[in-house]
Amino acid sequence: MHFISPVLWQFLVNWLTHFALFPPEASSIAPHADALYFFLVAISLVGLVLVLALVAGFSFLYRKERNPEATQIEGSTLLEATWTIIPLALFMVAFVWGALLYFRIYNPPTNAMNIYVVGKQWMWKAEHPGGQHEINSLHIPLGRPVQLTMISQDVFHSFSIPAFRVKREVIPGRYTTVWFEATQEGTYHLFCTQYCGTLHSQMIGTITVMKPADYEAWTEGSTSGMSLAQNGERLYASLGCNACHSGSATARGPNLAEVYMTKVQMSNGSYSTVDDAFLRDSILNPTMHQMAGYAPIMPTYQGQISEEGLIDLVEYIKKLNSNYRIQQTLNTTQVQSSVQSPAPSTQGRAQQAAQTAPGMVKP
Ligand code: HEC
Ligand SMILES: [Cu+2]
C-alpha cells in the first residue's frame, strides 16, 4: 500500500489515528465493521466517478457545435439490463456481507463474561459480578469476550465505544445487551450517543483494557467485599422472597434454584425461557409471566427495588443452584421470631420495612 510515498503514508496513518475522526480498531469486530464500511465507501466513489465522467463526457461529445440536431434514442434492453444487474449485484453483496456481520455482532459467544451497566442522567454505572462498582469507567480484560447487560434508570441513552465499533440503546424497563472482545490494551472513549438532557455531553467515560492478570489484580483491589449475588441474597431475605420461594414442597411459589435459562410453562400453555429479562419482569410485574400450576399471589415489587437491587436479585437467582441456604435463613428467622415475639406477623413486617437494605428504593 506504500505506493504514495512512505512519508505521506505515515502522515496519513498518524492523522487518521490521532485525529479522532477515525478511532483505533481495538476489538475483534472492528476490522470487520471497517472492511464493510470501506467497501461501501469504495462502491459509492466508483458510482460517483462514473456518473461525473459520463456527465462530463456526454456534454463534450454532444455539445451544440458537434451535434446541432437532437436525436431521440429510445429503448436498449442491453443497457437497461446492465445498469440494473450490476447495482443489484453490488447491493446483494452489501446485504449478505452486512447480514453475516450483523449475526456476528448480535450473537455473543457463550463463554462471554457478563458485566451490568446502568445508565442514568448523566452517568454510566458498571457493576462487575464480584461486586466492583465503577462510575463513568469500565475495566475489562484483554482478549476475553465481554457481554454487557444494560438498562436505564430514567430516559433513553445509548452506549457507544467507537474504538470497538459497538453501540447499543440503553432503555428504561428493558435489558439490552452488547458484546465485544478487546484486542488492544489501552484506554478508549465511552460515549452516550443519544441526546438525554442538559448534561448529555458529559455522559462520557473511559474503557480500560488490561492484561487478564492485571484485570484480576484490579478486581481484587476494588472489591467492596460483597458480590452482586451476595447482595442479592440479602435483598431476597429482607424482601421476604424466601417465604414463598423456599424450594420446599409446600412452598407457595415455584422453586427458583437452577431455573435460569430453562424453559418453563405459562398458564396459557406456552413456554418461556427464564433469561435475565424474564427474571426482572417476574419481580416487577408477576402477572406478565403467569406460571402454570401457581396462583397469581406474588405481589409486585414495582417501585420498591432500584435497578441495582434488581440486578443483584437477578444475579442471585442466576447463580442459585440449591435452596439449602434459603431454608437455613428461614429456619433461623423462624427460631429468632418465636424467641423474640410470640405474637405473629404484623410486628415483624414493620421491623422489616423500617430497615432499608442497599438496593431498595428509599422512600
Ligand atoms: C406471596 C408469595 C410470593 C412472594 C413473597 C414472592 N413470590 Fe415470586 N412467585 C410467587 C408465585 C406464586 C409465582 C408463580 C406465579 C406467577 O408467575 O406469578 C412466582 C414467580 C416468580 C418468578 C418466576 C418463576 C420462575 O420459575 O422463573 C420469579 C423469578 C420470582 N417469583 C421471584 C421472586 C422474588 C425475587 C421475590 C422477592 C422480591 C418474590 N418472587 C416474592 C410467589 C411469591
Ligand atoms: Cu445519555
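Calculation rules
- Residues numbered from 1 in each chain as written.
- Chains lettered and ligands numbered in written order.
- Predicted model: local features only at pLDDT ≥ 70, side-chain atom pairs only at ≥ 80, totals over all residues.
- Helix = DSSP H or I, 4+ residues; strand = E, 2+ residues; numbered from the N terminus.
- Buried ≥ 20, exposed ≤ 12 C-beta atoms within 10 Å, placed from the backbone.
- Contact = placed C-beta atoms within 7 Å.
- Pairing = 2+ DSSP bridges.
- Axes fitted to C-alpha atoms, helices over the stretch in contact; angles between N-to-C directions.
- Expected span 1.5 Å × (residues − 1).
- Near = placed C-beta within 6 Å.
- Nonpolar A, V, L, I, M, F, W, Y, C, P; charged D, E, K, R; others polar.
- Core = buried A, V, L, I, M, F, W, Y, C linked by C-beta atoms within 7 Å.
- Domains from an automatic or database assignment.
- pLDDT = per-residue confidence, 0-100.
- Parallel < 35°, antiparallel > 145°, perpendicular 65-115°, else oblique.

S.K.: Explain the overall build of the protein to me, please; I cannot follow it from the model alone.
M.R.: Check the secondary structure of the protein and you find 10 helices and 12 strands. By residue count, 22% of the 363 residues in the protein fall in the buried class. Here the contacts in the protein between residues at least 6 apart in sequence split such that 69% fall between residues at least 24 apart.

S.K.: Explanation requested: the sheet that holds strand β4 (residues 137–141) in the structure shown.
M.R.: In any sheet, the strands associate via hydrogen bonds between backbone groups, in a parallel or an antiparallel arrangement. One open sheet holds the 5 strands; their spatial order is β4-β10-β9-β6-β7, and the pairing between them is mixed. One side of each edge strand has no neighbouring strand; the edge strands of this open sheet are β4 and β7 (166–170). Averaged over all pairs of adjacent strands, the angle between strand axes in this sheet comes to 20°, irrespective of strand direction. Here β4 pairs with strand β10 (residues 205–210) via 5 bridges, running parallel. Residue pairing in the sheet places Leu138 in a bridge with Ile207 of β10. In this fold helix α4 (residues 212–221) packs onto β4 and β10, with an angle of close to 130° to the strand it touches most, β4.

S.K.: When you look at helix α2 (residues 30–61) in this model, what are you seeing that I'm missing?
M.R.: With 32 residues, α2 extends 46 Å between its outermost C-alpha atoms, agreeing within 8% with the 46 Å of an ideal straight helix rising 1.5 Å per residue. Among the 32 residues of α2, 1 are classified as buried, and the element is accordingly described as predominantly exposed.

S.K.: I'm lost on the site of ligand 1 in this one. Help?
M.R.: Lining the immediate environment of ligand 1, one finds 28 residues, of which Cys241, Cys244, Gly253, Tyr294 and Met298 sit closest. Where the shell around ligand 1 is concerned, the elements lending two or more residues are α6 (241–244), α7 (276–284) and α8 (307–319). Per-class residue counts for the shell around ligand 1 are 21 nonpolar, 6 polar and 1 charged.

S.K.: Looking at this model, I keep getting lost on the nonpolar core. Mind explaining?
M.R.: What tends to happen in soluble globular proteins is that the nonpolar side chains get buried as a cluster. Core analysis: the biggest nonpolar cluster contains 48 residues, and Ala26, Val117, Met150, Phe164, Ile207, Leu313 and Ile317 have the highest contact counts within it. It is α8 that contributes the most residues to this core, 6 residues altogether. Split by domain, this core shows at least three residues from each of two domains, domain 1 (18–62 + 79–225) and domain 2 (228–354). Among residues more than four places away in sequence, those in contact with Ala26 are Ala163, Phe164, Ala182, Thr183, Gln184, Gly186, Tyr188 and Val209.

S.K.: Could you clarify how one ought to interpret the environment of Leu40 in this entry?
M.R.: Mapped onto the fold, Leu40 is located in helix α2. Residue class for Leu40 comes out partly exposed when judged on the 14 C-beta atoms lying within 10 Å of it. For the pair Leu40 and Ala94, spaced 54 residues apart in sequence, the C-alpha to C-alpha distance is 7.5 Å.

S.K.: Got a minute to help me understand the sheet that holds strand β1 (residues 113–120) in this structure?
M.R.: Taken together, the 5 strands give an open sheet; going across it, the order is β3-β2-β1-β5-β8, and neighbouring strands pair in mixed fashion. Each of the sheet's edge strands pairs with one partner strand only, and the pair in question is β3 (133–135) and β8 (176–181). The mean angle between the axes of side-by-side strands here comes to 25°, regardless of whether they run parallel or antiparallel.

S.K.: Looking at this structure, I do not really get unusual backbone geometry. What am I missing?
M.R.: The bulk of non-glycine residues show a negative phi, and the bulk of peptide bonds are trans. The amide bond that connects Gln121 to the next residue, Trp122, takes the cis arrangement and shows omega of -5°. If you trace the backbone, Trp122 turns up in the loop between β1 and β2 (123–127). The backbone of Arg165 shows a phi angle near 55°, a positive value even though the residue is not glycine. Secondary-structure assignment places Arg165 in the loop between β6 (157–161) and β7.

S.K.: Can you help me understand the pairing of β1 in this one?
M.R.: Taken residue by residue, a regular strand's side chains alternate between the two faces of the sheet. Of the pairings in the sheet, the one linking β1 to strand β5 (residues 145–152) comprises 7 bridges and is parallel in character. Bridging from a neighbouring strand, Ile115 pairs with Leu148 of β5. Pairing geometry for β1 and β2, over 5 bridges, is antiparallel. Within β2, the position partnered with Val118 by the bridge is Lys125. Linkage of β1 to β2, two consecutive antiparallel strands, is achieved through a turn of 2 residues.

S.K.: Hey, could you run me through the pairing of β10 in this one?
M.R.: Of the two faces of β10, only the one carrying Gly205, Ile207 and Val209 is buried; Thr206, Thr208 and Met210 on the other face are not. Relative to β10, strand β9 (residues 186–192) is paired through 5 bridges, and the arrangement is antiparallel. Each residue of the ladder has a partner; that of Leu190, found in β10, is Gly205.

S.K.: Got a minute to help me understand the confidence of the model for the protein in this structure?
M.R.: Note that predicted coordinates carrying low pLDDT should not be read in detail. The share of residues in the protein with pLDDT of 70 or more is 89%, and the mean pLDDT across the chain is 85. Helix α10 (residues 346–354) is the least confidently modelled element of the protein, averaging 40 in pLDDT, while β6 averages 95, the highest of any element. Segment residues 338–355 is flagged for pLDDT under 50; beyond a separation of four residues in sequence, or across chains, it makes 5 contacts in the model.

S.K.: Can you walk me through the environment of Ala182 in this structure?
M.R.: Along the chain, the position of Ala182 falls in the loop between β8 and β9. For the pair formed by Ala182 and Ala26, sequence separation is 156 residues and the distance between their alpha carbons is 5.7 Å. Ignoring any residue separated from it by four or fewer positions in sequence, one finds Ala182 in contact with Ala26, Ser27, Ile140, Leu142, Phe164 and Val209.

S.K.: In this structure, what is going on with the packing of helix α5 (residues 228–238) against α8? I would like to understand it.
M.R.: Helices that pack against each other are described as a pair by the angle of their axes relative to one another and the distance between those axes. Remark: α5 packs on α8, axes separated minimally by 7 Å, with the N-to-C direction vectors making an angle of 100°. One way to sum up the angle between α5 and α8 is to call them roughly perpendicular. From α5, Leu228, Ala229, Asn231, Gly232, Glu233, Leu235 and Tyr236 reach across to α8, where they touch Gly309, Ile311, Asp312, Leu313, Glu315, Tyr316 and Lys319. Per-class residue counts for the contact of α5 with α8 are 7 nonpolar, 3 polar and 4 charged.

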